[in-house]
Amino acid sequence: MSQRQSWFEGWRLLAVLTLSLIALSLWIASMRQFEVEGMRMVIRFTARSSLLLFCLAFGAAALARLWPNAWTRWQRRNRRYLGLSFAASHAIHALAIVVFAKMDPAGFAEATSPASYIFGGIGYAVIIAMSATSFDRTAALIGPRAWRALHLVGGYYLWFQFMVSFGKRVPAMPLYAAFLIPLLAMMALRLIAMAAHSRGRTAVAG
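Residues numbered from 1 in each chain as written. Predicted model: local features only at pLDDT ≥ 70, side-chain atom pairs only at ≥ 80, totals over all residues. Heavy atoms only, no water.

(A) Representation of the overall build of the protein in the model. A count of helical and extended segments in the protein gives 11 helices and 0 strands. For the protein, the spread of C-alpha atoms along the principal axes amounts to about 65 × 40 × 35 Å. Buried positions account for 36% of the 206 residues belonging to the protein. Pairs at least 24 residues apart make up 69% of the contacts formed inside the protein by residues separated by at least 6 positions. (Helix = DSSP H or I, 4+ residues; strand = E, 2+ residues; numbered from the N terminus. Buried < 20%, exposed > 50% of the residue type's maximum accessible area, 1.4 Å probe, protein only. Contact = heavy atoms within 4.5 Å.)

What follows is the structure in structure tokens.
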């Protein structure tokens, strides 16, 4: 593994990614003088950065199992920090939405619905719960079985929410279909890895 990859690990990785997201969001907003359109651009940017970071964390274990190499081992080793970086990205996303709502209440009302409040609220509750239990001490408090259930169900819920959020825009903007590709690819890889693991266990048991 290169020295750069070795440096880009753990909490340092989280700090660099979070600070980069904050700096980029401020720069994007400043391009429109921090007006409504600038907030809309930040919302779109952080939705996409969250998608990328989520996919990196969601598919880390499957990729490391199917294609073990320096990159996938790094990705698997830093899955926790990629997940926390995703949470940081979505926190900036939420902040931009709040600012947008205050600056343009009519535009915000037009862009949202009761369903978006409900499912989005559940999504943020899941992100908070998964982030809070991404530390050794809090993970130990709830126990390995509850931790696994939370992160497994939570991960699949967030995957589904991303699919719906980006998928519903495809009819009006077909290019949005490109954002569904990494989501579908990560889900397929997880299923393939799970099937391979199950076959391996069956072979050992036999």
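Picking up after the structure, the text goes on.
(B) A look at the layout of surface pockets. Size it by volume and the largest pocket reaches roughly 1,300 Å³. If you list the elements that add at least two residues to the lining of the largest pocket, you get helix 3 (36-58), helix 6 (79-103), helix 7 (105-111), helix 8 (114-132) and helix 10 (144-167). Ranked by residues supplied to the lining of the largest pocket, first place goes to helix 8 with 9 residues. Its residues placed into classes, the lining of the largest pocket shows 21 nonpolar, 11 polar and 6 charged. (1 Å grid on protein atoms, 1.4 Å probe; cavity = no way out; pocket = protein on both sides within 12 Å on 5 of 7 lines; lining within 4 Å. Points joined across faces, edges and corners; volume = space filled by probe spheres on them. Nonpolar A, V, L, I, M, F, W, Y, C, P; charged D, E, K, R; others polar.)

(C) Structural view of the environment of A61. With respect to the helices, strands and loops of the structure, A61 is situated in helix 4 (residues 60-66). Spatially, the C-alpha atoms of A61 and L84 are 16 Å apart, while their sequence positions differ by 23 residues.

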